[in-house]
Amino acid sequence: MGGIFGVASQESCVFDLFFGIDYHSHLGTRRGGMAVHGESGFNRAIHNIENSPFRTKFERDLHELEGNLGIGCISDNEPQPLLVQSHLGSFAITTVGKICNEEQLVREAFEKGKTHFLEMSGGSINATELVATLINARESISEGIRFAQEKIEGSMSMLVMTKYGIFAARDRLGRTPLFVGRKEGAYCISFEDFAYANLGYKTCRELGPGEVVFVTPDQVRTVYGPGNEMKMCSFLWVYYGYPTATYEGVNVEQMRYKCGELLAKRDDVEADYVAGVPDSGIAHAVGYANASGIPFARPFIKYTPTWPRSFMPQNQAKRNEIARMKLIPVDALIRGKKMLLIDDSIVRGTQLRETTEYLYENGASEVHIRPACPPILYGCKYLNFSRSKSELDLIGRRVILKREGEERANDPEVLARYADPDTEEYQNMLDDICKELNFTSLRFHRLDDMIESIGIDPDRLCTYCWSGRE
């Protein structure tokens, strides 16, 4: 996915910028970047963080960069921030989101002028540079940001830094969050609200969907007010959000306790222990244990000293191997035990199958799986939250294909029946997944219960990856 952070300060912003970006490291694994503006103009640093955490790669830059304005990011995709010079002047830009109509926008850009794109990411255009091109199609940066919001299908939140201040724009439908924090002599803009707490900032407010503000060291000025419609990504609470994060007034850790509690209320399984797959499954498991009375335990411990979360290879086989190597078993809590294991979700199923086999190899007699969200049946169109290239990477879709054949497997009506937890098709799908992944039993969180766990208006949540409804 990715996260963005910016600072406008009366003094040097670099220290706050460095740590504010670092606190977004749970959102991306490939690249990090910082850009600042000061007396010497614009300057930036970008590093690959696949094999080393953000902090270790940027410690030298902390001492070499200088400025009172700064923006930066943690990214799973293209290098950024970018430095741009155009008829609008010089600016730096960083984004988080996904452009679904990229080919159309590129074609329109070529048709309207002899332009070109320099930054390449995996052989395709850098999405952040495309956003900058859209901004440059208008006569001011603020008008350009609004134009980009209107043209982009998918989602796009952004920070655009000029020499006078920082434009902050939340995605048009608020699929990702954006907060404004304040302390004496400075403002910050952040994807995560907890990222600035230890830096002395207090939350001013969360930007509304599509809202655009201009931030200087002295004030935050509204450029465009928020829209009325919101479709915030529910998966932020289920998985991506850090436990200390709060979105739309709902804390992630608290939501996960509630999620586990509602999972337990629909379950009657007998188990010796409830455990969560580290890290995001743990809070769900605590909620389940509290509601069910089954003791919570940690049958395996993540070895964090040498396996930070930021290191995760792109190769799937290596990803599975690394995921396994991170976990150290606790024999006394596994051997001969009936384990109830909660993970945040099942996407491909490969890692959870490895984890289950790992428990069996270490003596578990039963392994019952309880994912904290419904079966994922649709690839996300709005955010880069999965590395899946095809919906057939999703284990639910593979099972449906086997049961229904190619002609019916993509039929919306057929998929709707498989997404409905009260149908025979849904139960057949669960039975097939359970058998294929070698679980003792399998029960997913229901969509209605998951929405209740979040606790905000369902019409303001995006549940597309489970329901297929926009």
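These numbers were taken from a predicted model, which means no experiment stands behind them.

(A) Structural detail: the packing of aromatic side chains. As enumerated under the stated definition, the model contains 14 aromatic pairs in all. Plain terms: the ring middles of F15 and F19 are 4.7 Å apart, the flat faces sit at 55 degrees to each other, and that makes the pair tilted. Of this pair, F15 and F19 both sit in helix α1 (residues 14-22), 4 residues apart, which is roughly one turn of the helix. Between F235 and Y239, the ring centres sit 5.7 Å apart and the planes meet at 50 degrees, which makes this aromatic pair tilted. Here F235 pairs with Y239, and both are found in helix α6 (residues 235-240), just 4 residues apart, close to one helical turn. Each member of the aromatic cluster is reached from another via a ring pair, and the members are F15, F18, F19, F54 and F58.

(B) Structural detail: the layout of surface pockets. In this structure, the second largest pocket encloses a volume near 490 Å³. For the second largest pocket, the lining is made up of 25 residues, of which T115, A132, T133, L134 and N136 are closest to its centre. Counting residues per element, the ones that place at least two in the lining of the second largest pocket are β5 (82-86), α3 (102-112), α4 (127-135) and α5 (141-151). Its residues assigned to classes, the lining of the second largest pocket shows 11 nonpolar, 7 polar and 7 charged.

(C) Region of interest: the sheet that holds strand β24 (residues 441-442). With parallel pairing, 4 strands are arranged side by side in an open sheet as β19-β22-β23-β24. Bordering the open sheet on either side are β19 (273-276) and β24, each of which pairs with just one other strand. Note that β19 and strand β22 (residues 338-342) share 4 bridges and pair parallel. When the bridges of β22 are listed, A275 appears paired with L341. Helix-sheet contacts for helix α11 (residues 350-361) involve β22 and β23 (366-369), and the interaxial angle to β23 is about 155 degrees.

(D) Local environment of the pairing of strand β2 (residues 31-38). Most of β2 is tucked away, with 7 of its 8 residues classed as buried. Note that β2 and strand β3 (residues 41-48) share 8 bridges and pair antiparallel. Paired with A35 across the bridge in β3 is R44. What sits between β2 and β3 in their antiparallel hairpin is a turn of 2 residues. With 7 bridges connecting them, β2 and strand β4 (residues 69-75) associate as antiparallel partners. By the bridge assignment, R31 is partnered in β4 with S75.

(E) Molecular detail of helix α15 (residues 424-437). Between its first and last C-alpha atoms α15 spans 20 Å; for 14 residues at 1.5 Å apiece the expected length is 20 Å, and the two agree. Restricting attention to buried positions, one finds in α15 the residues Y426, M429, L430, I433, C434 and L437. One face of α15 carries all of its buried residues, which in axial projection span an arc of 135 degrees. For α15, exposure combined with an orientation more than 90 degrees from the buried face picks out E424 and K435. Buried positions along α15 lie against α11, α12 (395-404), α14 (412-419) and β24. In the stretch just after α15, N438 is the one whose phi turns positive, near 65 degrees.

(F) A look at the pattern of salt bridges. What the rule picks out here adds up to 20 salt bridges. Among the salt bridges present, the one from D331 reaches R335, with a minimum N-O distance of 2.9 Å. For R335, a relative accessible area of 47% gives the class partly exposed. Note that R446 and D448 form a salt bridge whose closest N and O atoms lie 3.1 Å from each other. Taking the relative accessible area as the measure of exposure, D448 reaches 38% and is therefore partly exposed. Shared partners join several salt bridges into a network, and the residues in it are D267, R370 and R443.

(G) Local environment of unusual backbone geometry. Between Q80 and the following residue, P81, the backbone shows a cis peptide bond with an omega angle of 5 degrees. Checked against the element boundaries, P81 lands in the loop between β4 and β5. One non-glycine residue, E248, adopts positive backbone phi at about 50 degrees. Take E248: it is sitting in the loop between β17 (246-247) and β18 (250-251). Owing to a relative accessible area of 27%, E248 belongs among the partly exposed residues under this scheme. Unlike most non-glycine residues, N438 shows phi in positive territory, near 65 degrees. By relative accessible area, which is 40% here, N438 ends up partly exposed.

(H) Fine view of the sheet that holds strand β12 (residues 186-190). Read from one edge to the other, the open sheet built from 7 strands follows the order β3-β2-β4-β1-β12-β11-β13, with strand pairing classed as antiparallel. Strands with a single pairing partner mark the edges of an open sheet, and in this sheet they are β3 and β13 (202-206). Averaged over all neighbouring strand pairs, the angle between strand axes comes to 15 degrees, with direction disregarded. Where strand β1 (residues 2-9) lies against β12, 5 bridges are found, and the strand directions are antiparallel. Within β12, the residue paired with F5 across the bridge is S190.

What counts, and where the lines are drawn
Residues numbered from 1 in each chain as written. Predicted model: local features only at pLDDT ≥ 70, side-chain atom pairs only at ≥ 80, totals over all residues. Heavy atoms only, no water. Phe/Tyr/Trp six-rings, centres within 6.5 Å; stacked < 30°, edge-to-face > 60°. Helix = DSSP H or I, 4+ residues; strand = E, 2+ residues; numbered from the N terminus. 1 Å grid on protein atoms, 1.4 Å probe; cavity = no way out; pocket = protein on both sides within 12 Å on 5 of 7 lines; lining within 4 Å. Points joined across faces, edges and corners; volume = space filled by probe spheres on them. Nonpolar A, V, L, I, M, F, W, Y, C, P; charged D, E, K, R; others polar. Pairing = 2+ DSSP bridges. Contact = heavy atoms within 4.5 Å. Axes fitted to C-alpha atoms, helices over the stretch in contact; angles between N-to-C directions. Buried < 20%, exposed > 50% of the residue type's maximum accessible area, 1.4 Å probe, protein only. Expected span 1.5 Å × (residues − 1). Arc of directions from axis to C-beta. Salt bridge = Lys/Arg side-chain N within 4 Å of Asp/Glu carboxyl O.

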